Amino acid sequence: MAYPPLTRRRLVATAGALATGLAGCAGDGGDGGTETATALTDPANVPEDASCGVCEMMPAKFPDYNAQLTVEAGDRVFFCSSGCMAAYYVDPGNFEAAHEGATFAGVWAHDHETTDLIDATTAWFVRETNADRVDDPMQRNPLPFAAEDDARAYVAEYDDLTSDDILRLDDFDRDLATFYRGRFFE
């Protein structure tokens, strides 16, 4: 079998194809580095050594409460809880200068009742203000629910919560972020 002669152009093309293939195969496994566009829209397993993008606790230690998001630029950030995720979502540049003004490709949090990992962009959050009602990391977090009815049922259990305490991710603002994680803002 005869092979075409090896030219500089073929060598460069082969090297480029090989590098692209290896980059796609190697990936980062969701450990906080840069990822491919398709991986950005799916949640990843939390690496044991990942630290929270806000408080630096270890999200893997809180499997029922941790959260994560991906930045369209290709980065994944893990959080110990929905409260840290909320703070980062509102002001990512406060925690990572490279993410100032970032657009997010995906955001996930654990449903308060089922502990399933859910799409936070379609979730309902309860602005929980009483740390004594929930035993979760950082003691005070907005509570995510996949279903609006579940959020409404939670609010109905307590006299100090109203339907005004039910939020969507797009409702999160600096006041909410500083309520939950004020000590991490300058």
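Quick look at the structure, then. Note that the structure is predicted; figures quoted are calculated from it, not measured. Starting afresh in each chain, residues are numbered from 1 along the sequence in its written order. Note on the predicted model: pLDDT of at least 70 is required for a residue's local features to be given, and 80 or more for side-chain atom pairs to be given and counted; whole-chain, interface and lining totals, by contrast, use all residues. Only hydrogens and water are set aside; all other atoms, that is, all heavy atoms of the structure, feed into the side-chain values.

Any Lys or Arg side-chain nitrogen located within 4 Å of an Asp or Glu carboxyl oxygen qualifies as a salt bridge. Scanning the entire structure with this criterion turns up 5 salt bridges. Of the charged contacts, one joins Arg 127 and Asp 165 as a salt bridge, the two residues approaching to 3.2 Å between their closest N and O atoms. Pair noted here: Arg 127 is in the loop between strand 5 (124–126) and strand 6 (143–145) and Asp 165 is in the loop between helix 4 (148–156) and strand 7 (166–167), with a separation of 38 residues, a long-range link. Here Glu 148 ties to Arg 152 by a salt bridge, and the two come within 2.8 Å at their closest N and O atoms. Taken together, the residues Glu 148 and Arg 152, both in helix 4 and 4 residues apart, mark about one turn of the helix. Runs of E in the DSSP output that reach at least two residues are strands. Runs of H or I that reach at least four are helices, and both are numbered from the N terminus.

With that out of the way, let us pick up the state of the cysteines. When the sulfur atoms of two cysteines come within 2.5 Å, that pair is taken as a disulfide. Going through the model one piece at a time under the given rule, you end up with 0 disulfides. With no disulfide of its own, Cys 84 has Cys 52 as its nearest cysteine by sulfur position, at a separation of 3.7 Å. Classification of residues uses two cut-offs on accessible area relative to the type maximum, computed with a 1.4 Å probe and protein chains only: under 20% is buried, over 50% is exposed, and between them is partly exposed. We classify Cys 84 as buried; its relative accessible area is 0%.

We now examine helix 4. For helix 4, every residue scored as buried is listed here: Ala 151, Tyr 154 and Val 155. Looking down the long axis of helix 4, one finds its buried residues gathered within 95° of arc, a one-sided arrangement. Exposed residues on helix 4 whose side chains face more than 90 degrees from its buried face are Asp 149 and Ala 156. Where helix 4 is buried, its residues meet strand 5, strand 6 and strand 7. This arc is built from the directions going out from the helix axis to the C-beta atoms. Every residue pair with non-hydrogen atoms within 4.5 Å of one another is taken to be in contact.

Within the fold, Arg 181 resides in helix 5 (residues 174–181). We count Lys and Arg on the positive side and Asp and Glu on the negative side, and we leave His and both chain ends out. Buried charge Arg 181 goes without a salt bridge, the closest partner of opposite sign being Asp 136 at 6.9 Å. Pairs of N or O atoms within 3.5 Å make up the polar contacts considered here, provided that, within protein, one atom can donate a hydrogen while the other can accept it, and that residues adjacent in sequence are counted only when both atoms are side-chain atoms. A polar atom in the side chain of Arg 181 sits 2.4 Å from the side chain of Asn 141.

Positive phi is not limited to glycine here, since Met 138 has a value of about 70°. With respect to the helices and strands, Met 138 occurs in the loop between strand 5 and strand 6. We note that Gln 139 has phi near 65°; this positive angle belongs to a residue other than glycine. Residue class for Gln 139 comes out exposed when judged on its relative accessible area of 57%.

Taken together, the side chains of Asp 170, Asp 171, Asp 173 and Asp 175 define an acidic patch exposed on the protein surface. The residue Asp 171 is located in the loop between strand 7 and helix 5 in this model. Among the residues examined, Asp 171 registers a relative accessible area of 43% and is labelled partly exposed. Like-charged residues within 9 Å of one another, or nonpolar side chains (Val, Leu, Ile, Met, Phe, Trp, Tyr) within 5 Å, are grouped into patches, provided each residue has over 30% relative accessible area and no salt bridge. Every accessible area reported is derived by Shrake-Rupley at a probe size of 1.4 Å, with residue values counting cover from the shown protein chains alone. We put the charge of a Lys on NZ, of an Arg on CZ, of an Asp on CG and of a Glu on CD.

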